[in-house]
Amino acid sequence: MDLDLPDSGLVFGLRLDGRGGAGPVAADGEAGRPVWLHLERHDPAVQRWLAAGAGVPAGVARALLEEDTRPRCVVRPDGVLLILRGINFDPSAEHEETIAIRLWITADRLLTLRRYRIMAVTDQREALEAGEGAATVAELVLRIVERLTARMIPEIDGMEESLVRMEVEALDDGAGIDRDRLSAIRRRALVLHRYLAPQREALVEFGRSAGARLADLDPLDCRETIDRITRLVEDLDALRSRAAIVEDELALKTAERMNRNMYWLSIVATVFLPIGFVTGLLGVNVGGIPGAESPWGFAGLAAILAALIALEVWIMRRARLI
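Note that the structure is predicted; figures quoted are calculated from it, not measured. (Residues numbered from 1 in each chain as written. Predicted model: local features only at pLDDT ≥ 70, side-chain atom pairs only at ≥ 80, totals over all residues. Heavy atoms only, no water.)

A.B. asks: Account for helix α1 (residues 44-51), naming residues and giving values.
C.D. replies: Count 3.6 residues to each turn of an α-helix, and residues three or four apart come out pointing the same way. For α1, the full list of buried residues reads Ala45, Val46, Trp49 and Leu50. Along the axis of α1, the buried residues cluster in a sector spanning 135°; they form a single face. Those residues of α1 that are exposed and aimed more than 90 degrees away from the buried face are Arg48 and Ala51. For α1, the elements touching its buried residues are β3 (35-40), α2 (58-64) and β7 (109-114). Among the residues of α1, the N-terminal cap falls to Asp43, whose side-chain oxygen and the backbone nitrogen of Ala45 are separated by 2.8 Å. Of the residues trailing α1, Gly53 is marked for its positive phi of about 130°. (Buried < 20%, exposed > 50% of the residue type's maximum accessible area, 1.4 Å probe, protein only. Helix = DSSP H or I, 4+ residues; strand = E, 2+ residues; numbered from the N terminus. Arc of directions from axis to C-beta. Contact = heavy atoms within 4.5 Å. Polar contact = N/O pair within 3.5 Å; in protein donor to acceptor, adjacent residues only side chain to side chain.)

Pasting the structure below:
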């Protein structure tokens, strides 16, 4: 018997064969096999389908359709609500740093809802169609979580490599550091940490409580996934701290450079202040200026000014000002 499906908004529907493969839910097959439906959350037909029942409790349906969500896990007597986040790889969602996937999990059915394309879901669909996917709903959920996590690793590694280069440059003069890139790393690390930290707690709750609803849930696989996310959270914490240190180092070097420039400007102004006074005094338009009629007046004045500069430099060196 065919499964009740929404009129539109179904991205795909698969019936697991229990051996790592899957076929279309509309095709004749073993009715007792688990079903995976992947739906467009914003499609009106999907929203009506969920509101009409679809085997989903009303409170769960509202949570699945929420516009703004944070990762969480809610274990109910009739199933498990799991909301997760992954890095945005969809060009149509340029304004989104992370994108949500909403899951309603029972022993024989998995509903996943999206707003934008989620590569981890695509990975699992391709694996099932190739006969290399999950055999049960619990295993499928863990594989989706694993792919969400695995796709974050290259992104975080790339941020870390960029930060390492900036740290090396900061040990020099820091002039070559792209400050916009540094700010972008700090902001992205902050956004990812904002969602990964509660995502870790959601998966801890999933591993602790969902076993009663999903008999095939492997606690060891779940713990391994949680450990990987924990490492990512710790890496993001370290990234944020290191980026802050680099920014502080840049600010310190900039302040030092400005102070050094101001210091030398002050030295130059101090040296030329007496000279300016003497030349200004001799430049007044009154009679009686010494040496005005002497052919050696200018040379004598230049010699006196040179001696004055030498005296000032000697005094400053003795005072350890230069």
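A.B. asks: So, the sheet that holds β3: which residues are in play, and what are the values?
C.D. replies: Think of a sheet as strands paired side by side through backbone hydrogen bonds, with each pair either parallel or antiparallel. Taken in spatial order, the seven strands make up an open sheet running β2-β1-β3-β7-β6-β5-β4, and their pairing is mixed. For this open sheet the edge positions go to β2 (22-24) and β4 (72-76), each flanked by a neighbour on one side alone. With strand direction ignored, the average angle separating the axes of adjacent strands in the sheet is 20°. Where β3 lies against β7, six bridges are found, and the strand directions are parallel. Counted as the bridge partner of Glu40 is Arg114 from β7. (Pairing = 2+ DSSP bridges. Axes fitted to C-alpha atoms, helices over the stretch in contact; angles between N-to-C directions.)

A.B. asks: So what's going on with the pairing of β7? Which residues, and what values?
C.D. replies: Counting buried positions along β7 gives six out of six residues, so the element sits mostly inside the fold. Examined bridge by bridge, strand β6 (residues 98-105) and β7 share four bridges and lie antiparallel to one another. Paired with Arg102 across the strands is Leu113, a residue of β7.

A.B. asks: So what's going on with the pairing of β6? Which residues, and what values?
C.D. replies: Most of β6 is tucked away: eight of the eight residues are buried. By the alternation rule, side chains of β6 split into Thr98, Ala100, Arg102 and Trp104 and Ile99, Ile101, Leu103 and Ile105, which are all buried. Inspection of the sheet shows strand β5 (residues 79-87) paired to β6 by eight bridges, in the antiparallel sense. In the sheet register, Leu84 faces β6, and the bridge partner there is Ile101. Where β6 folds back onto β7 in an antiparallel hairpin, the turn is made up of three residues.

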